[in-house]
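Architecture and fold: a report
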Amino acid sequence: MDLDVRREWLAIALQRVGDGDASALRDVYEATSAKLFGICLRILREPADAEDVLQDVYTTVWRKAAAFDATRASPITWLATIARNRAIDRLRARPSRRMEAIETALDVVDASPSAQARLEDAQDVDRLHQCLGQLDDHRRDAIRAAFLDGNTYEALARRAGVPLGTMKSWIRRSLAQLKACLER
Amino acid sequence: MSDSGSENLDGDAADLAAEYVLGLIEGPDRAAARERLRADPALRAEVEAWEQRLAPLLDQVAPAPLSENVSARVWERIAAAVSPGANVVGLRRAAIWDRVGVWRLATAASLGALALTFFLRSPPPPAPAPSEPQLASAAPTLAATLSTPSGRPLFVATFKHAGVAIVPVGSSRSDGRHPELWIIKAGAKPVPVGMIDDARAVSLTLASARASDVFAVSLEPAGGSPTGAPTGPVIASGQLRIL
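Residues numbered from 1 in each chain as written. Chains lettered and ligands numbered in written order. Predicted model: local features only at pLDDT ≥ 70, side-chain atom pairs only at ≥ 80, totals over all residues. Heavy atoms only, no water.

**Looking at the overall build of chain B**
Regarding its fold elements, chain B presents seven helices and nine strands. The burial tally for chain B puts 45% of its 243 residues in the buried class. In chain B, of all internal contacts separated by at least 6 residues, the share reaching a separation of at least 24 is 57%. When the accessible surface of chain B is totalled, it reaches about 11600 Å², and 58% of it is carbon and sulfur. (Helix = DSSP H or I, 4+ residues; strand = E, 2+ residues; numbered from the N terminus. Buried < 20%, exposed > 50% of the residue type's maximum accessible area, 1.4 Å probe, protein only. Contact = heavy atoms within 4.5 Å. Areas by Shrake-Rupley, 256 points an atom, 1.4 Å probe, with all protein chains shown as cover.)

**What about the interface of chain A and chain B?**
Accessible area lost during the coming together of the parts is what is often quoted as the interface size. Counting from both sides, the interface comprises 77 residues of chain A and, opposite them, 67 residues of chain B. Between chain A and chain B, a total of about 6800 Å² is buried, with carbon and sulfur atoms accounting for 62% of that surface. If you sort the residues of chain A by the area they bury against chain B, Trp9, Phe147 and Arg172 of chain A come out on top, with a joint share of 10%. Taken together, chain A and chain B are joined by nine salt bridges. (Buried area = accessible area lost by both parts, 1.4 Å probe. Salt bridge = Lys/Arg side-chain N within 4 Å of Asp/Glu carboxyl O.)

**Some details on the environment of alanine 186 of chain B**
Within the fold, alanine 186 of chain B resides in the loop between strand E4 (178-184) and strand E5 (191-195). By relative accessible area, which is 30% here, alanine 186 of chain B ends up partly exposed. The sequence separation of alanine 186 of chain B and aspartate 213 of chain B amounts to 27 residues, and the corresponding C-alpha distance is 6.6 Å. The contact partners of alanine 186 of chain B, leaving out residues within four places of it in the chain, are Trp9 and Ala31 of chain A.

**Comments concerning helix H3 (residues 27-39) of chain B**
Residue and element names in this part refer to chain B. All buried positions along H3 are accounted for by Asp29, Arg30, Ala33 and Leu37. Viewed along the axis of H3, the buried residues span an arc of 100°, placing them on a single side of the element. Facing away from the buried side of H3, by more than 90 degrees, are the exposed residues Pro28, Arg38 and Ala39. (Arc of directions from axis to C-beta.)

**Observations concerning the packing of aromatic side chains**
This model, assessed by the stated rule, comprises three aromatic pairs over all chains. Plain terms: the ring middles of tyrosine 29 of chain A and tyrosine 58 of chain A are 5.1 Å apart, the flat faces sit at 80° to each other, and that makes the pair edge-to-face. A residue pair is termed long-range when its members are at least 10 positions apart, and tyrosine 29 of chain A in helix H2 (residues 22-44) and tyrosine 58 of chain A in helix H3 (residues 47-64) qualify at 29 residues. Per residue, the accessibility class of tyrosine 29 of chain A equals that of tyrosine 58 of chain A, and both read buried. Aromatic ring contacts, followed pair by pair, group Tyr29 and Tyr58 of chain A together with Trp75 of chain B into a single cluster. (Phe/Tyr/Trp six-rings, centres within 6.5 Å; stacked < 30°, edge-to-face > 60°.)

**Side note on the state of the cysteines**
Residues and elements named next belong to chain A. On inspection of all chains with the given rule, the structure shows one disulfide over all chains. Each sulfur in the disulfide pair cysteine 131 and cysteine 181 lies 2.0 Å from the other. The sign of the S-S torsion, about -75°, decides the handedness of the disulfide formed by cysteine 131 and cysteine 181: left-handed. On the criterion of sequence distance, the pair formed by cysteine 131 in helix H6 (residues 122-133) and cysteine 181 in helix H9 (residues 164-183) is long-range, its members being 50 residues apart. Take cysteine 131: its relative accessible area is 4%, and that puts it in the buried class. (Disulfide = S-S within 2.5 Å.)

**Quick word on unusual backbone geometry**
Residues and elements named next belong to chain B. Phi at histidine 161 is positive, roughly 50°, even though this residue is not glycine. Turning to its location among the elements, histidine 161 is positioned in the loop between strand E2 (153-160) and strand E3 (163-168). A positive phi angle is found at alanine 162, which is not glycine, with a value near 60°. Note that alanine 162 resides in the loop between E2 and E3.

**Looking at the nonpolar core**
One finds Leu25, Leu36, Leu79, Met167 and Ile171 of chain A together with Leu22 and Leu54 of chain B to be the most contacted residues of the largest nonpolar core, which totals 86 residues. In terms of residue count, the dominant contributor to this core is H2 of chain A (eleven residues). Apart from the residues lying within four places of it in its own chain, the contact partners of isoleucine 171 of chain A are Ala142, Ile143, Tyr153 and Leu156 of chain A together with Leu22 and Leu24 of chain B. Core analysis: the next-biggest nonpolar cluster, separate from the first, contains 23 residues, Leu142, Val164, Ala209 and Ile235 of chain B among them. (Core = buried A, V, L, I, M, F, W, Y, C linked by side-chain atoms within 4.5 Å.)

**Topic: the pattern of salt bridges**
In total, this model carries 23 salt bridges over all chains according to the counting rule given. Across the pair arginine 26 of chain A and glutamate 30 of chain A runs a salt bridge whose closest N-O atoms are separated by 3.0 Å. On the criterion of helical spacing, the pair formed by arginine 26 of chain A and glutamate 30 of chain A is a turn pair, its members being four residues apart in helix H2. Residue classification places arginine 26 of chain A among the partly exposed positions, given a relative accessible area of 31%. Note that glutamate 183 of chain A and arginine 53 of chain B form a salt bridge whose closest N and O atoms lie 3.1 Å from each other. Separated into two different chains, glutamate 183 of chain A in helix H9 and arginine 53 of chain B in helix H4 (residues 41-54) make up a pair that spans both. For glutamate 183 of chain A, a relative accessible area of 51% gives the class exposed. One salt-bridge network, held together by shared partners, links Asp49, Asp52, Arg90 and Arg94 of chain A together with Arg77 of chain B.

**Notes on helix H7 (residues 137-149) of chain A**
Residues and elements named next belong to chain A. For H7, which comprises 13 residues, the first-to-last C-alpha distance of 17 Å matches the rise-based estimate of 18 Å (1.5 Å per residue) to within 8%. Every buried residue of H7 is accounted for by Arg140, Ala142, Ile143, Arg144, Ala145, Ala146, Phe147, Leu148 and Asp149. Just downstream of H7, glycine 150 is the residue with a positive phi angle, here 75°. (Expected span 1.5 Å × (residues − 1).)

**Things to note about the side chain of aspartate 21 of chain A**
Residues and elements named next belong to chain A. Here aspartate 21 lies in the loop between helix H1 (2-18) and H2. Classification of aspartate 21 by relative accessible area gives buried; the value is 0%. Within polar-contact distance, the side chain of aspartate 21 engages the side chain of serine 23 at 2.7 Å. (Polar contact = N/O pair within 3.5 Å; in protein donor to acceptor, adjacent residues only side chain to side chain.)

**Topic: the environment of serine 23 of chain A**
Among the secondary structure elements, serine 23 of chain A is positioned in helix H2. With relative accessibility at 4%, the residue serine 23 of chain A sits in the buried group.

Shown next as structure tokens:
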């Protein structure tokens, strides 16, 4: 239940940001910067880059908050999506790929979502995990490494030790399977 | 790597949307995909659908709290970017009064009643702490309009000197359950304030509150939530503002 209240709080705060209330942006920043910084850092691995992107994320929130529609997306999903997209953009814009960063991504252990840290409806989380669970291990890992760590097709193929073309068809087929499962 | 791009753009839009969301469209293809997204509402809808589908994965990413210094530095840069040369506090004032104006007329009468209730029923102000006497006496009155998610006001509440006064301004269906007031500080769990009434004004004690805290009302069994967290639906909420 407290998830609903926090979601409500955040939705109201975003509405105020959309009205041009800079103090509301500060509230949103205080309530969500740790989570969004976590997302940026996970993808970028460089605190200085993640800080830059974090700033960019909240200025984007300032510009786009009026378009936020609480009936279509949960506020934290909306924010997290902006953070993830910005971090991926930054990662892809780097002149040279940091291969070592991609390799170390393998060692990152995912925090198990504790009840308190949970951002999404438990139902949605369980459903996604259930559907991911139906995929072959390698394919599930590849989807997670792409989404959470920002790995490219090339990196995913190297990680799994398969040709690039194989990885592409794995991913495409897995995504189709995932979509079908989630829509059942 | 870019060999995949043109093939993606010509291929199934569903593949493109999913791969775009995963971040697997790279280089010039990513910019091209973005162009196409701007022009193609169906593709945009599919991208949004994929973002929703995969967002629960982000639950697993551990938050990385910023140190106080870093947090302040990043905020300064954000503040400078969103209101170049402007005073953020000034912005804040204008915005509050813009919003307050919307409901001020509708609830002026209630607020009058509320002020009266407040002075009649609120507990005496606590003795100011010796270290900050002027702070206590200068503490502003805070007020919140608690509205339904659709924006209909149900309660108006004020806070001053460790006392909350809350009056109903709209009718709510409680279905035999009882409204309970909660206070929510940024990023924290709701803390129960007390049981309220959807037909009359009630005053409660509350040690502290500040502007930007949120009041919320949930429907609970008689006597309040048995768990210390809201167990029933949240029917109204609103943010505290300096009155």
